[in-house]
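One letter stands for each residue in the lines below.
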Amino acid sequence: MSKVNTVLGTIPAEELGLVAIHEHIGYGMPGSELDTTWWKTPEQRYEETVPKLRAFHEFGGGTFVDATGICNGRDVDYYKSLSAKTGVHIIACTGFVGGDTALPHFATASVDYLMRQFVHEITVGIGGTGSRAGVIKVGVSRGGRMTELDKKIYRAAARAAVQTGVPILTHLAIDAEPAIAIFTEEGLPLDRVLFGHVDDGVNAEKTQDTWIVEQGGRLGFDTFGYETELPDPPFWARARRERMDHFLRFVKGGFEDQVLASADANCSPLGWPGVKGHTVNYIFEQLIPDLREAGVGEATITKIFVDNPADFLSLHL
């Protein structure tokens with residue numbers, strides 16, 4: 001039976017239910033805790049987050065993958081409390097959103113050190129929480145090209161993924177050729193990698209999405225809800241119809257086994273105001289109804305949100 005690491009323990013993949021594959025309980029850049037403009041008390045964060053997770057559960061959501069890496073506000077004891085309170089499985093990650101968010105202790109470390117850090121958090125636990133990471137986060141730093149530090153992190157992540165069986169989730173899918181070269185050199189099958197944010201408004205046109213799936217990788221259409229139609233859209237927003245058309249090209253084009261979807265929402269942003277009104281529940285309130293209206297059948301919707309995530313998140317040893 002396939003197993004998946006959650007913050008409350010390892011569970012059968014069949015128990016994940018509907019999965020939001022790329023979300024955040026609370027994400028912030030390193031140092032955001034020093035910005036008094038956006039300080040929130042633990043009580044305020046809790047009051048802001050619990051209703052969103054409860055609504056997710058009531059809609060039929062089963063699992064929330066927190067893609068907040070090391071140095072970005074990851075708080076696993078807090079996740080455990082939220083999971084117990086709301087009934088939502090929460091999966092924590094190890095790794096970094098990009099080399100430019102790794103503090104010097106990690107940025108100057110060797111590939112072997114980083115690999116051992118990731119393996120420890122997957123097999124032993126994150127800090128003293130006793131909770132094991134269920135996915136490794138890596139990413140392309142700002143600037144649009146993988147830096148040497150990014151490449152070091154990707155290589156360490158690939159080695160840890162091969163050793164532990166957990167998958168890799170990327171921040172951005174641009175500059176995919178060196179990433180895939182590293183994964184291939186390290187013997188990591190590309191179906192163990194979800195190339196994220198292929199649909200965001202800044203990088204969609206720069207992403208070799210068709211080439212990635214042809215190599216065997218998975219595509220994360222995971223910025224649903226960040227729309228130019230919003231009253232105050234973020235810089236990575238995209239027209240709602242344009243994003244959906246992009247997604248449907250793959251869903252209806254023979255790649256439905258390789259696509260996953262999410263909203264990349266922030267339950268309680270750290271060090272910035274967030275995007276008002278955008279939550280993980282966009283999946284139920286807008287995305288799934290839009291898919292049905294576009295003629296996507298229930299079996300395919302189940303594949304995208306239940307079957308594909310369960311296969312991707314399962315420990316492959």
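Look a little higher up for the structure.
Keep in mind that this is a model prediction, so the values were computed, not measured.

**So, the pattern of salt bridges**
Two side chains with opposite charge may pair up if their charged atoms get near one another.
Part 1 of the reasoning: This model, assessed by the stated rule, comprises 17 salt bridges.
Part 2 of the reasoning: Of the charged contacts in the structure, one is a salt bridge between Arg-116 and Asp-112, with a shortest N-O distance of 2.9 Å. With Arg-116 and Asp-112 both in helix H4 (residues 111–123) and four residues apart, this pair spans about one turn of that helix.
Part 3 of the reasoning: Each of the salt bridges in this network shares a partner with another, and the network as a whole consists of Arg-155, Arg-159, Glu-185 and Glu-186.

**Structural notes on the sheet that holds strand S3 (residues 18–23)**
Part 1 of the reasoning: Sheet architecture is open: three strands sit in the order S3-S4-S5, paired in parallel fashion. Two strands close off the open sheet at either side, each with one partner strand: S3 and strand S5 (89–91). Across this sheet, the average inter-strand angle for adjacent strands is 20°, counted without regard to direction.
Part 2 of the reasoning: Strand direction decides the pairing type here: S3 and strand S4 (residues 61–66), joined by four bridges, are parallel. In the sheet register, Glu-23 faces S4, and the bridge partner there is Asp-66.

**What about helix H2 (residues 76–86)?**
Part 1 of the reasoning: Taken together, the buried positions of H2 are Val-76, Tyr-78, Tyr-79, Leu-82, Ser-83 and Thr-86. End-on, the buried residues of H2 take up no more than an arc of 150°, which puts them together on one face.
Part 2 of the reasoning: Downstream of H2 by one or two residues, Gly-87 has phi in the positive range, about 80°.

**A few points about the pairing of strand S8 (residues 168–171)**
It is a general feature of regular strands that their side chains alternate between the two faces of the sheet.
Part 1 of the reasoning: Pairing analysis gives four bridges linking strand S7 (residues 135–139) to S8, with the strands arranged parallel. Paired with Lys-137 across the bridge in S8 is Leu-169.
Part 2 of the reasoning: With three bridges joining them, S8 and strand S9 (residues 193–195) adopt parallel strand pairing. In the sheet register, Thr-170 faces S9, and the bridge partner there is Phe-195.
Part 3 of the reasoning: A crossover links S8 with its parallel partner S9, the connecting element being helix H6 (residues 176–185), and its sense is right-handed.

**Quick word on the nonpolar core**
Part 1 of the reasoning: If you look at the biggest cluster of nonpolar residues, it comprises 82 residues, and the most contacted ones within it are Phe-118, Ile-136, Phe-183, Phe-247 and Phe-305.
Part 2 of the reasoning: Of all the elements, helix H5 (residues 148–164) adds the most residues to this core, at eight residues.
Part 3 of the reasoning: Ignoring anything within four residues of it in the chain, the contact list for Ile-136 reads Thr-94, Gly-95, Phe-118, Ile-122, Ala-157, Ala-160, Ala-161, Val-166, Pro-167, Ile-168 and Leu-169.
Part 4 of the reasoning: Ala-13, Ile-91, Cys-93 and Leu-260 belong to the second-largest nonpolar core, a separate cluster that totals 17 residues.

**Points about the packing of H5 against H6**
Part 1 of the reasoning: Running from amino to carboxyl end, H5 crosses H6 at an angle of 35°, the nearest separation of the two axes being 9 Å. As H5 runs across H6, the sense of the crossing is right-handed. Packed against H5, whose contacting residues are Lys-151, Tyr-154, Arg-155 and Ala-158, the element H6 presents Pro-178, Ala-179, Ile-182, Phe-183 and Glu-185 at the interface.
Part 2 of the reasoning: Taken together, the residues of the contact of H5 with H6 break down into six nonpolar, no polar and three charged.

**Some thoughts on the environment of Val-76**
Part 1 of the reasoning: Positionally, Val-76 belongs in helix H2.
Part 2 of the reasoning: With 208 residues separating them along the chain, Val-76 and Phe-284 place their C-alpha atoms 26 Å apart.
Part 3 of the reasoning: Beyond its immediate chain neighbours, meaning those up to four positions away, Val-76 contacts Val-7, Ala-92, Ile-126, Thr-129 and Ser-131.

**Focus: the pairing of S7**
Part 1 of the reasoning: Counting buried positions along S7 gives five out of five residues, so the element sits mostly inside the fold.
Part 2 of the reasoning: Going residue by residue along S7, you find Val-135, Lys-137 and Gly-139 tucked away on one face and Ile-136 and Val-138 tucked away on the opposite face as well.
Part 3 of the reasoning: Across three bridges, strand S6 (residues 93–95) lies against S7 in parallel orientation. Residue pairing in the sheet places Thr-94 in a bridge with Ile-136 of S7.
Part 4 of the reasoning: This β-α-β element, S7 to H5 to S8, shows right-handed connectivity.

**Looking at unusual backbone geometry**
Part 1 of the reasoning: For Leu-172, which is not glycine, the phi dihedral falls at a positive 80°.
Part 2 of the reasoning: Within the fold, Leu-172 resides in the loop between S8 and H6.
Part 3 of the reasoning: A positive phi angle, near 55°, is found at Asp-175, a position not held by glycine.
Part 4 of the reasoning: On the secondary structure map, Asp-175 appears in the loop between S8 and H6.

**With respect to the packing of aromatic side chains**
Part 1 of the reasoning: Counted by the stated rule, this structure contains 14 aromatic pairs.
Part 2 of the reasoning: On the numbers, 5.7 Å between centres and 25° between planes, the contact of Tyr-154 with Phe-183 is stacked. With Tyr-154 in helix H5 and Phe-183 in helix H6, this residue pair connects regions lying 29 residues apart in the sequence. Here Tyr-154 matches Phe-183 in class, with each residue buried.
Part 3 of the reasoning: Summarising the aromatic geometry, the rings of Phe-250 and Phe-255 are spaced 5.9 Å apart at their centres and angled 50° between planes, so their arrangement reads as tilted.
Part 4 of the reasoning: An aromatic cluster is built from Phe-221, Phe-224, Phe-247, Phe-250 and Phe-255, whose rings are joined through pairwise contacts.

Cut-offs and rules
Residues numbered from 1 in each chain as written. Predicted model: local features only at pLDDT ≥ 70, side-chain atom pairs only at ≥ 80, totals over all residues. Heavy atoms only, no water. Salt bridge = Lys/Arg side-chain N within 4 Å of Asp/Glu carboxyl O. Helix = DSSP H or I, 4+ residues; strand = E, 2+ residues; numbered from the N terminus. Pairing = 2+ DSSP bridges. Axes fitted to C-alpha atoms, helices over the stretch in contact; angles between N-to-C directions. Buried < 20%, exposed > 50% of the residue type's maximum accessible area, 1.4 Å probe, protein only. Arc of directions from axis to C-beta. Right-handed = clockwise from strand over helix to strand, strands pointing away. Core = buried A, V, L, I, M, F, W, Y, C linked by side-chain atoms within 4.5 Å. Contact = heavy atoms within 4.5 Å. Left-handed = near helix turned anticlockwise from the far one by under 90°. Nonpolar A, V, L, I, M, F, W, Y, C, P; charged D, E, K, R; others polar. Phe/Tyr/Trp six-rings, centres within 6.5 Å; stacked < 30°, edge-to-face > 60°.

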